[in-house]
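Chain and residue survey
Residues per chain are reported as follows:
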Amino acid sequence: MPSGAELIRKIKEQITEVDPREVHDLIGGTGNGYVIVDVREQHEFEESHLPGAVHVPRGHLESRIEGAAPDKSQRVIAYCASGNRSALAANTMLRELGYENVESMTGGITLWKDRGYEVDVPKSLTPEQRERYSRHLLIPEIGLEGQQKLLDAKVLLLGAGGLGSPSALYLAAAGVGTLGVVDNDVVDLSNLQRQVAHSNDRIGVPKVDSAEIAIKEINPDVKVVKYQTRLDASNIMEIVTGYDVIVDGLDNFPTRYLLNDASVRLGIPVVSASILGFDGQLSVFKPHDGPCYRCLYPTPPPAELAPSCGANGVLGVLPGTMGLLQSTEVIKLIVGSGDPLVGRLLLYDALAASFTELKVRRDPDCPICSRDPSEISDEEMGVFPDYELFCAAAG
Ligand SMILES: [Zn+2]
């Protein structure tokens, strides 16, 4: 039976080791076909780690490495404190987990620091936050870094109604640090069939105040910024500036055009959903990465189909489904994981229990997103036939 030291020496002979200098050059270069995996314990990673490293503690290697490095042919560089644990991890990945190209960094982060190379020192969570977000910290796609991004993020909810309610509750629960809420209405009994941020005892209360109470009940850490107003051309730029992502739960087309134009000008992604009856649709409009709302709808739909012009029936659960799909896209955009619904329109038919996805292309002649954002003037924003006439036309 070999001693531990002998075993590690043997394993090091069987794997490839890489010098910190080469890893340093790799990080400083422009290529991105590699993953750097820190296999140390949580507290070691949180103290400091290599820039861009993903964290997969050696004890969780088998269960979590595929989340952090899904492509098994990709170059993977493992490191630890001194190069022993990473050698063992590299060996496991090569021999047992089917990875083809894994190296262990010689001397670990200790030698890296001795050479004077920079490290990332993450902001740390309080013990309470660590407990509250523990299930996020366990997923490699979020982890400490992603949670920190969520805590630093500012998300604007346009509407605290059917779509805004589930987003408000779940984004608060997820730890989004700042939630702006724009809504001019008060809570009405007929809202409670679907607008779950509100409650019976808050009928008559402004929705922004009611939503704030619900958010704070879930997570007192969240800063709520209330805008008890109707979004229009006079206030939109001031309200949306500074937000990282906008959740569009708007109920009318004219404001959607206005929102589109403002978000393209400011480069803020919009996660947009709409609902009617048993049908929902969802897309992410990320300026210049994909089509904008005007690329999808160059002209508004016929007025008689505009849901905002009167009370329309909707299955109470449906805005919950669509609002949570929106929240999911918001979280993905903030943490930078997965494939956001950019250039794709997702249709949900609740009666059929079916999802359909349509490709949406950018219009090279789009009046808004085909241009330099700085050239779009205030006067052009949200240009649209008069809304009163628009609804009157619907009869
Ligand atoms: Zn466009």
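Read on for an overview of the structure. (Residues numbered from 1 in each chain as written. Predicted model: local features only at pLDDT ≥ 70, side-chain atom pairs only at ≥ 80, totals over all residues. Heavy atoms only, no water.)

Points about the pairing of strand β11 (residues 279–285)
Using the following cut-off: Only protein chains enter the accessibility calculation, which uses a 1.4 Å probe. A residue is then buried if its area is under 20% of the maximum for its type, exposed if over 50%, and partly exposed in between. In this text, helices come from DSSP runs of H or I with a minimum length of four residues, and strands from runs of E with a minimum of two, each type numbered from the N-terminal end. Note on pairing: two strands pair once DSSP finds at least 2 bridges between them.
Most of β11 sits out of view: five of its seven residues are buried. With four bridges connecting them, β11 and strand β12 (residues 344–349) associate as antiparallel partners. Note that in β12 the partner of D279 across the bridge is D349.

A word on the pattern of salt bridges
One side chain can pair with another of opposite charge once the charged atoms of both are near each other. Stated precisely, the cut-off is as follows: Here a salt bridge means any side-chain nitrogen of Lys or Arg lying within 4 Å of a carboxyl oxygen belonging to Asp or Glu.
Under the defined criterion, the tally for this structure stands at 16 salt bridges. Linking E22 and R75 is a salt bridge whose minimum nitrogen-to-oxygen distance equals 2.8 Å. Within this pair, whereas E22 is found in helix α2 (residues 20–28), its partner R75 is found in strand β4 (residues 75–79), the two being separated by 53 residues in sequence. For E22, a relative accessible area of 41% corresponds to the partly exposed category. For the salt bridge of D261 with R294, the shortest nitrogen-to-oxygen distance reads 2.6 Å. Of this pair, D261 sits in helix α13 (residues 253–266) while R294 sits in helix α14 (residues 293–296); the two residues are 33 residues apart in sequence, bridging distant segments of the chain. Residue D261 is classed as buried on the basis of its relative accessible area of 0%. Using a relative accessible area of 9% as the deciding quantity, one classes R294 as buried. Connected through shared salt-bridge partners, E22, R75 and E103 make up one network.

What about the nonpolar core?
Stated precisely, the cut-off is as follows: For this analysis, a nonpolar core means a set of buried residues of the types Ala, Val, Leu, Ile, Met, Phe, Trp, Tyr and Cys, connected via side-chain atoms within 4.5 Å. The contact rule is simple, with two residues in contact once any of their heavy atoms fall within 4.5 Å.
Core analysis: the largest hydrophobic core is formed by 38 residues, its most contacted members being V155, L171, V176, L179, I215, V330 and I334. At seven residues, the largest contribution of residues to this core is made by helix α15 (residues 318–335). Non-local contacts of V176, meaning those with residues more than four positions away in its chain, are made with L150, A153, V155, L171, V222 and I334. Counting 24 residues, the second largest nonpolar core, distinct from the first, contains L231, Y243, C295 and C366.

Examining a nonpolar patch on the surface
Note the following rule: Residues enter patches when they are more than 30% accessible in relative terms and free of salt bridges; like-charged ones are connected within 9 Å and nonpolar ones (Val, Leu, Ile, Met, Phe, Trp, Tyr) within 5 Å. Note that accessible areas follow from Shrake-Rupley with a 1.4 Å probe, and for residues the cover is restricted to the protein chains shown.
Side chains of F278, L315, V317 and L351 sit close together on the surface and give an oily, nonpolar patch of about 380 Å² of accessible area. With respect to the helices and strands, the residue F278 is situated in the loop between β10 (270–276) and β11. The exposure class of F278 is partly exposed, given its relative accessible area of 35%.

Description of the sheet that holds strand β5 (residues 102–105)
What holds strands together in a sheet is hydrogen bonding between their backbones, with the strands either parallel or antiparallel. The strand order across the open sheet built from five strands is β1-β5-β4-β2-β3, with neighbouring strands paired in parallel fashion. Lying at the two open borders of the sheet, with one neighbouring strand each, are β1 (16–18) and β3 (54–55). One ladder, built from five bridges, connects strand β2 (residues 34–38) with β4; its direction is parallel. Pairing of Y34 across the sheet is with R75, part of β4.

Describing the packing of aromatic side chains
Note the cut-off: Pairs were defined over the aromatic rings of Phe, Tyr and Trp, the Trp ring being its six-membered one, requiring ring centres within 6.5 Å. Orientation was assigned from the angle between planes: stacked under 30 degrees, edge-to-face over 60, tilted for the rest. Each ring is checked for a lysine NZ or an arginine CZ that lies within 6 Å of its centre and within 35 degrees of its normal; such an atom marks a charge sitting over the ring.
This model, assessed by the stated rule, comprises five aromatic pairs. On the numbers, 4.9 Å between centres and 65° between planes, the contact of W112 with Y117 is edge-to-face. Among the residues examined, W112 registers a relative accessible area of 1% and is labelled buried. The exposure class assigned to Y117 is buried, which follows from its relative accessible area of 12%. An angle of 55° between the planes, with centres 5.2 Å apart, marks the rings of Y293 and Y297 as tilted. Put simply, the rings of Y257, F285, Y293 and Y297 pair up and form one aromatic cluster. Here the basic side chain of K154 rests over the ring of Y243, its NZ or CZ set 5.7 Å away from the ring centre.

Looking at the coordination of the zinc ion
Heads up, the rule is: Coordinating N, O and S atoms are those within 2.8 Å of the metal (3.2 Å for Na, K and Ca), and as water is not part of the atoms, a site may appear to have fewer donors than expected.
Only C292 (SG), C295 (SG), C366 (SG) and C369 (SG) from the protein reach the zinc ion as donors, at distances of 2.2 to 2.4 Å. Mapping the donors of the zinc ion onto the primary sequence gives the spacing C-x2-C-x70-C-x2-C. Residue C295 is located in helix α14, and its partner C369 is located in the loop between β13 (354–359) and α16 (387–393); the two are separated by 74 residues in the primary sequence. Summarising the burial analysis for this pair, C295 and C369 share the class buried.

Points about the pairing of β12
Of the pairings in the sheet, the one linking β12 to β13 comprises six bridges and is antiparallel in character. Paired with L345 across the two strands is L358, which belongs to β13. Hairpin connection of β12 to β13: four residues between the antiparallel strands, including A353 at a positive phi of 55°.

Topic: the packing of helix α4 (residues 61–68) against helix α5 (residues 84–95)
Convention followed: The angle between two axes is taken between their N-to-C directions and runs from 0 to 180 degrees, where each axis is a line fitted to C-alpha atoms and a helix contributes only its stretch in contact. Every angle not falling under 35 degrees, over 145, or within 65 to 115 is termed oblique; those three ranges are roughly parallel, roughly antiparallel and roughly perpendicular. Note on residue categories: nonpolar means Ala, Val, Leu, Ile, Met, Phe, Trp, Tyr, Cys or Pro, charged means Asp, Glu, Lys or Arg, and polar means any other residue, Gly included.
One way to put it is that α4 packs onto α5 with a least axis distance of 12 Å and a crossing angle of 75°. Comparing their axes, α5 and α4 come out roughly perpendicular. Packed against α4, whose contacting residues are L61, E62 and I65, the element α5 presents A89, T92 and M93 at the interface. Its residues placed into classes, the contact of α4 with α5 shows four nonpolar, one polar and one charged.

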